[in-house]
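What follows is the residue order along each chain.
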Amino acid sequence: MTVHFIGAGPGSPDLITLRGLRLIERCPVCLYAGSLVPEEIVRAAPEGARVLDTAPMHLDEIVAEMSQAHAAGLDVARVHSGDPSIYGATAEQMRRLDGLGIPFDVTPGVPAFAAAAAALKLELTVPEVCQTVVVTRTAMKSSAMPEGEDLRTLAQSRATLAIHLSIRNLAHIERELSPLPGYGPDCPVVVAYRVGWPDELFIRGTLATIARQVREAKLTRTALVLVGRALAAEDFRNSALYDAAHPHILRPHAKRAKAG
């Protein structure tokens, strides 16, 4: 028996991995985060499977379901949105399973920031503009941010910021980032709402305007905030990867490549 933590992707049912879908199709127990995982995905569970939405459940109840399945020798599909390694509250479940001696594994999923970039047709790492992506959040009612992980400190890198769980904290984001080199009031911002769902919405603005735009759109949850110059980069150099004059192990000699 194994508990399979499965990343379902950001919303669109066809963005789940083949491995994840096949695990759901054969697991007689399926626990899924119903507020963020489409029901269409868990409909793939086998006929007669025990399928539970864990949105109204607390940790003890979820672990109790896994323990019962373990006692009965039944595999469990534990389905989370996006990728289980990012803000999935999976570490606490895994710790409990370790303590109970219940085996588990993890199948990755498409994270929201990657799905948002795809929908926007953007590359988040642009040559000589930005080569780093920071995935973070801000502190509100949830747990505090660890020392050294405040937004202003992380932004010293001038990275593209993928800020989760912070749609109601846009004024704080503006205050922290607007004074910093590499950002500023005119820095591009995209708020990606319910990426991959039928009602997905993207709001483009700047640090100076985005709070007002989001307020006017009446968005209060389930959104990702992307900040950085790469979001609107146009006048940038080409990468060396496909430069005919740049040799590498698979293209060892530029002149030979031209001659061929």
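Just above, that's the structure.
Since the structure is predicted, the reported quantities are computational estimates derived from the model, not experimental observations. (Residues numbered from 1 in each chain as written. Predicted model: local features only at pLDDT ≥ 70, side-chain atom pairs only at ≥ 80, totals over all residues. Heavy atoms only, no water.)

J.: I'd love a proper account of the environment of Val-79, names of residues and values included.
T.: As for its placement among the helices and strands, Val-79 is situated in strand S4 (residues 76-80). Look at Val-79 and you get buried, because its relative accessible area is 0%. Setting aside residues no more than four positions away along its own chain, Val-79 makes contact with Ile-6, Ala-8, Ile-24, Cys-30, Leu-31, Tyr-32, Ala-33 and Val-37. (Helix = DSSP H or I, 4+ residues; strand = E, 2+ residues; numbered from the N terminus. Buried < 20%, exposed > 50% of the residue type's maximum accessible area, 1.4 Å probe, protein only. Contact = heavy atoms within 4.5 Å.)

J.: Describe in detail the nonpolar core, supporting the description with residues and values.
T.: If you look at the biggest cluster of nonpolar residues, it comprises 25 residues, and the most contacted ones within it are Leu-161, Leu-177, Tyr-183, Val-191 and Val-227. Elements supplying a minimum of two residues to this core: strand S7 (160-164), helix H7 (170-177), strand S8 (188-193), helix H8 (210-217) and strand S10 (223-227). Core analysis: the second largest hydrophobic core is formed by 16 residues, Ile-6, Ile-16, Leu-23 and Ala-33 among them. (Core = buried A, V, L, I, M, F, W, Y, C linked by side-chain atoms within 4.5 Å.)

J.: Any details on the sheet that holds strand S9 (residues 201-206)? Residues and values, ideally.
T.: Read from one edge of the open sheet, five strands run S6-S7-S10-S8-S9, paired in mixed fashion. If you trace the sheet from one side to the other, it starts and ends with strand S6 (133-137) and S9, each paired once. The mean angle between the axes of side-by-side strands here comes to 20 degrees, regardless of whether they run parallel or antiparallel. Across five bridges, S6 lies against S7 in parallel orientation. Pairing of Val-133 across the sheet is with Thr-160, part of S7. Together, S6, S7, S8, S9 and S10 form the strand contacts of helix H5 (residues 112-120), whose direction differs from that of S10 by roughly 70 degrees. (Pairing = 2+ DSSP bridges. Axes fitted to C-alpha atoms, helices over the stretch in contact; angles between N-to-C directions.)

J.: If you had to explain the side chain of His-164 to someone new, which residues and values would you point to?
T.: Within the secondary structure, His-164 is located in strand S7. For His-164, a relative accessible area of 13% translates into the label buried. Discounting chain neighbours no more than four positions away, the residues touching His-164 are Ile-86, Tyr-87, Ala-112, Val-135, Thr-136, Arg-137, Thr-138 and Leu-224.

J.: Talk me through the sheet that holds strand S3 (residues 50-53); I want residue IDs and the actual numbers.
T.: Paired through their backbone hydrogen bonds, the strands of a sheet run either parallel or antiparallel. Taken together, five strands build an open sheet; the order of strands is S3-S2-S4-S1-S5 and the sheet is parallel. Every interior strand has two partners, whereas the edge strands, S3 and strand S5 (104-107), have only one. When strand polarity is set aside, the average angle formed by the axes of neighbouring strands in this sheet is 15 degrees. Relative to S4, strand S2 (residues 29-32) runs parallel, the two being bridged by four bridges. When the bridges of S4 are listed, Val-29 appears paired with Val-76. Each of strand S1 (3-7), S4 and S5 is contacted by helix H1 (residues 18-26), which is oriented at about 135 degrees to S1, the strand it contacts most. Sheet strands in contact with helix H3 (residues 59-72) are S1, S2, S3 and S4, and its direction is about 165 degrees off that of S2.

J.: Describe the layout of surface pockets, and please don't skip the residues or the numbers.
T.: Roughly 1,200 Å³ of volume is contained in the largest pocket. Along the walls of the largest pocket sit 41 residues, with Leu-36, Ser-81, Tyr-87, Leu-165 and Thr-222 positioned nearest its centre. For the lining of the largest pocket, the elements supplying multiple residues, two or more each, are H3, S4, helix H4 (90-100) and S10. Of the residues assigned to the lining of the largest pocket, the class counts are 20 nonpolar, 14 polar and seven charged. Formed jointly, the lining of the largest pocket draws a minimum of three residues from each of two domains, domain 1 (3-107) and domain 2 (112-232). For the second largest pocket, the calculated volume is near 270 Å³. Considering the residues around the second largest pocket, the lining is formed by 17 residues, among which Tyr-87, Gly-88, Ala-89, Arg-137 and Ser-143 are closest to the centre. Among the elements that take part in the lining of the second largest pocket, H4 stands out by supplying three residues, more than any other. Of the residues assigned to the lining of the second largest pocket, the class counts are nine nonpolar, five polar and three charged. Per-domain counts for the lining of the second largest pocket show at least three residues from each of domain 1 (3-107) and domain 2 (112-232). (1 Å grid on protein atoms, 1.4 Å probe; cavity = no way out; pocket = protein on both sides within 12 Å on 5 of 7 lines; lining within 4 Å. Points joined across faces, edges and corners; volume = space filled by probe spheres on them. Nonpolar A, V, L, I, M, F, W, Y, C, P; charged D, E, K, R; others polar. Domains from an automatic or database assignment.)

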